[in-house]
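Survey of secondary and tertiary structure
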Amino acid sequence: MAGAGYVGLVSSACFAEFGASVTCIDVDSDRIARLREGVIPIYEPGLAELIGKNREQGRLSFREGYDETIGECDLVFIAVGTPARRGDGHADLKHVYQAARDIAPLLDGYTVIVDKSTVPVGTARNVERIVREVNPDAQFDIAANPEFLREGAALADFMRPDRVVIGVESRRAEQVLRELYRPLNLIETPMMVTDLESAELIKYAANAFLATKISFINEISALCEAVGADVHAVARGIGLDGRIGRKFLHPGPGYGGSCFPKDTRALVRMAQENNTASRIVEAVMEVNEAQKARMTGKIRNALGGSENGRTLAVLGLSFKPETDDMRNAPALSILPELIENGAAVHAHDPQAMAEAKALLPDSVRYFDEVYAAMAGVDAVVLMTEWNAYRGMDLDRIRNTMNGNVFIDLRNVYEPDAMRSAGFDYHCVGR
């Protein structure tokens with residue numbers, strides 16, 4: 001497994017749990033050293049325990065850099081980062097192509113090289129070309145095997161996936177990958193085998209469609225507020241239609257994380273390069289940015305039109321619960337503007353505060369205890385719906401605050417109950 005990042009670590013641990021012998025490689029010596037000491041660089045529920053178990057049982061190891069052990073492998077997965085490239089938003093593939101150059105001279109015997117990173121259409125064929133240029137005698141096949149992991153639920157998604165997508169050009173490569181995934185036959189996981197280009201595009205199309213559902217319901221939430229409707233009733237009413245489905249119809253401050261923003265931009269760029277339109281995805285991106293700005297306005301209006309001189313307790317900083325990932329989190333768009341306009345911010349998050357400190361203004365005060373963060377504040381802003389915030393003591397919150405404004409950007413609480421508890425309650429689309 002080339003790459004000890006999010007995808008690489010989760011995939012390594014899960015393949016080892018399937019019974020494979022896995023070596024996870026990274027060029028970052030500090031990261032490998034920490035992993036060997038049992039320090040996991042990301043927060044993902046259950047991952048540390050799964051890595052520890054499989055290391056103890058000898059199925060999972062960590063190694064710095066590439067060496068001759070590559071030649072002993074049946075499969076080599078490329079799971080390095082593909083961040084958005086500056087300037088054009090396309091996926092930056094320099095790490096993928098460098099991994100291919102590093103792997104190529106070490107191949108010995110038949111190997112399947114698998115793109116696990118999220119990569120634009122055509123990347124697998126470029127990896128194949130690079131390997132053949134570096135090592136013309138190599139015996140290998142190229143494959144595309146995109147991941148569909150949700151942060152916070154990655155282990156369940158890997159172990160009980162909706163489907164496994166395999167893009168290959170040879171029967172031999174298909175059989176090798178089928179054997180790797182054979183434990184999933186017990187739960188009758190659909191195994192979709194297709195060509196390289198289709199496999200690469202499936203991941204982008206899936207993420208773009210899910211982002212579309214989020215932006216759609218957020219746009220509908222604004223209309224609900226304007227006409228006096230309840231977005232939850234609307235979402236349920238349309239979600240019960242089997243053609244639409246209930247998932248990803250939850251209003252909020254906009255999507256974030258590493259995947260949706262990066263993949264929607266990359267899909268638009270791919271469409272442009274191939275002279276095709278991607279108007280819907282472009283609109284999805286615009287609506288998402290507008291939603292973040294609308295949430296800033298919602299907070300300002302709840303404070304009477306100005307945040308200057310007000311102290312806010314912000315509950316939740318990560319882009320979603322059960323992760324410490326701050327990439328493209330709504331908090332990164334909303335909080336700096338409030339602070340710039342004179343607000344003071346107290347912040348709490350169960351996992352993401354260390355990450356947030358490097359990204360948010362220095363004036364933010366961080367609290368390890370959630371009720372301490374709310375002491376003496378004028379307003380509470382619930383930004384991320386961690387379970388720890390779902391059953392808080394409302395009387396205690398009301399008594400510890402100076403003000404009574406509660407702005408619930410995730411609609412965790414019921415409006416009537418909050419108003420009965422004495423809060424000036426504001427939510428999304430209700």
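For the structure itself, look to the data block above.
Okay, so let's go over this structure. Within any chain, residue numbers begin from 1 and follow the written order of that chain's sequence. Only residues with pLDDT of 70 or above have their local features reported here, since the model is predicted, and side-chain atom pairs are shown and tallied only from 80 upward, although totals for entire chains, interfaces and linings are computed over all residues. The side-chain values count all of the structure's non-hydrogen atoms but skip hydrogen atoms and water molecules.

Things to note about the overall build of the protein chain
- Regarding its fold elements, the protein chain presents 16 helices and 13 strands.
- Here the C-alpha radius of gyration of the protein chain, 24 Å, is about what a compact globule of 430 residues would show, namely 22 Å.
- Projected onto its principal axes, the C-alpha positions of the protein chain cover 75 × 50 × 45 Å.
- The protein chains shown are the only cover counted for residues, whose accessible areas, like all others here, come from Shrake-Rupley with a 1.4 Å probe. Total accessible area on the protein chain is roughly 19000 Å²; 47% of this is exposed by carbon and sulfur atoms.
- His is not counted, nor are the chain ends; Lys and Arg add positive charge and Asp and Glu add negative charge. Where a charge sits is defined by one atom per residue type, namely NZ (Lys), CZ (Arg), CG (Asp) or CD (Glu). In the protein chain, the 47 positive side-chain charges and the 61 negative ones have mean positions that sit 3 Å from each other. A run of H or I in DSSP counts as a helix once it spans at least four residues, and a run of E counts as a strand once it spans at least two, with each numbered from the N terminus. Computation of the radius of gyration draws on C-alpha atoms, with the globule rule given as 2.2 Å multiplied by the number of residues to the power 0.38.

Considering the sheet that holds strand E13 (residues 424-426)
- Spatial strand order, E10-E9-E8-E11-E12-E13: six strands in an open sheet with parallel pairing. Of all the strands in the sheet, just strand E10 (365-366) and E13 have a single pairing partner and so form its edges.
- Both strand E9 (residues 344-348) and E10 contribute to a ladder of two bridges, which runs parallel. The residue of E10 that forms the bridge with His346 is Arg365. We treat two strands as partners when DSSP finds at least two bridges between them.

Quick notes on the layout of surface pockets
- Cavities and pockets were defined on a 1 Å grid built from protein atoms only: a cavity is a group of points that admits a 1.4 Å probe but offers it no way out, a pocket is an open group of points flanked by protein on both sides within 12 Å along at least five of seven lines, and a lining residue is one with an atom within 4 Å of any such point. Grid points are joined across faces, edges and corners, and a volume is the space filled by probe spheres set on the points. In this structure, the second largest pocket encloses a volume near 470 Å³.
- Lining of the second largest pocket is provided by 19 residues; of these, Ser21, Val22, Cys73, Asp74 and Leu75 occupy positions nearest its centre.
- For the lining of the second largest pocket, the elements supplying multiple residues, two or more each, are strand E1 (22-26), strand E3 (75-78) and helix H7 (171-180).
- Counted by class, the lining of the second largest pocket contains twelve nonpolar, three polar and four charged residues. As a working rule, the residues Ala, Val, Leu, Ile, Met, Phe, Trp, Tyr, Cys and Pro are called nonpolar, Asp, Glu, Lys and Arg charged, and the rest polar, with Gly in that last group.

Let's talk about the pairing of strand E8 (residues 311-315)
- Counting buried residues in E8 gives five out of five residues, a clear majority hidden from the surface.
- Neither face of E8 is exposed, since Thr311, Ala313 and Leu315 on one face and Leu312 and Val314 on the opposite face are all buried.
- The pairing of E8 with E9 spans five bridges and is classified as parallel. Within the sheet, the bridge partner assigned to Leu315 lies in E9 and is His348.
- Between the parallel elements E8 and E9, the chain passes through helix H12 (residues 330-340) in a crossover that is right-handed.
- Both E8 and strand E11 (residues 379-382) contribute to a ladder of four bridges, which runs parallel. Looking at the pairing, Leu315 lines up with Leu382 of E11. The classification of residues rests on relative accessible area computed with a 1.4 Å probe and restricted to protein chains. Under 20% of the type maximum is buried, over 50% is exposed, and intermediate values are partly exposed. Seen with its strands pointing away from the viewer, a crossover is right-handed if its path from the first strand over the helix to the second goes clockwise.

Brief notes about unusual backbone geometry
- Although it is not a glycine, Glu322 sits at a positive phi angle of roughly 65°.
- Relative to the assigned elements, Glu322 resides in the loop between E8 and H12.

Brief notes about the state of the cysteines
- In this description, the term disulfide denotes a pair of cysteine sulfurs within 2.5 Å. By the definition in use, this model includes zero disulfides.
- Not part of a disulfide, Cys224 finds its nearest cysteine sulfur in Cys427, a span of 11 Å.
- Judged by relative accessible area, Cys427 falls into the buried class, the value being 5%.

Considerations on the side chain of Glu44
- Locating Glu44 in the fold gives a position in the loop between helix H2 (29-36) and helix H3 (47-56).
- The rule for a salt bridge is simple: a side-chain nitrogen of Lys or Arg has to be within 4 Å of a carboxyl oxygen of Asp or Glu. Buried Glu44, no salt bridge; nearest opposite-charge side chain is Lys320, N-O distance 7.6 Å.
- We define a polar contact as two N or O atoms separated by no more than 3.5 Å, with the added condition that, inside protein, one atom must be a possible hydrogen donor and the other a possible acceptor, whereas residues neighbouring each other in sequence contribute only through side-chain atom pairs. A polar atom in the side chain of Glu44 sits 3.1 Å from the backbone nitrogen of Ala153.
- The contacts of Glu44, once residues within four sequence positions are left out, are Tyr6, Arg150, Glu151, Gly152, Ala153, Ala154, Leu155 and Glu322. Contacts are residue-level and defined by heavy atoms, with any inter-residue pair within 4.5 Å sufficient.

A word on the pattern of salt bridges
- Scanning the model with the defined rule gives 23 salt bridges in all.
- Here Arg132 makes a salt bridge to Glu128, at a shortest N to O gap of 3.5 Å. Of this pair, Arg132 and Glu128 are both found in helix H5 (residues 123-134), four residues apart, which corresponds to roughly one turn of the helix.
- In this structure Glu128 comes out as buried when scored by relative accessible area, which is 18%.
- Notably, a salt bridge pairs Glu225 with Lys298, separated by 3.0 Å at the nearest N-O pair. Of this pair, Glu225 sits in helix H8 (residues 196-227) while Lys298 is found in helix H11 (residues 279-302), placing the two residues 73 residues apart along the sequence.

As for empty space enclosed by the protein
- Enumeration over the complete set of coordinates arrives at one cavity of 30 Å³ or more.
- Approximately 50 Å³ is the volume attributed to the largest cavity.
- Lining the largest cavity are Asp115, Ser117, Thr118, Val119, Ala144, Pro146, Ala199, Glu200 and Lys203.
- Partitioned by chemical class, the residues of the lining of the largest cavity number four nonpolar, two polar and three charged.

Things to note about the environment of Ile42
- For Ile42, the position within the fold is in the loop between H2 and H3.
- Residues Ile42 and Thr323, spaced 281 residues apart in sequence, show a C-alpha to C-alpha distance of 8.1 Å.
- With near-sequence residues (within four places) excluded, Ile42 lies in contact with Tyr6, Leu9, Leu47 and Asp324.

What about the packing of aromatic side chains?
- Between 30 and 60 degrees the pair is tilted, below 30 it is stacked and above 60 it is edge-to-face, where a pair is any two Phe, Tyr or Trp rings, Trp via its six-membered ring, whose centres lie within 6.5 Å. Applying the stated rule across the entire model yields eleven aromatic pairs.
- Note on Phe15 and Phe158: the rings are 5.1 Å apart at their centroids and 85° apart in plane angle, and the pair reads as edge-to-face. Of the two residues, Phe15 sits in helix H1 (residues 6-17) while Phe158 sits in helix H6 (residues 154-159), which places them 143 residues apart along the sequence.
- For Phe158, a relative accessible area of 7% corresponds to the buried category.
- Using a relative accessible area of 2% as the deciding quantity, one classes Phe15 as buried.
- What links up through ring pairs into an aromatic cluster is the set Phe15, Phe18, Phe77, Phe158 and Tyr181.

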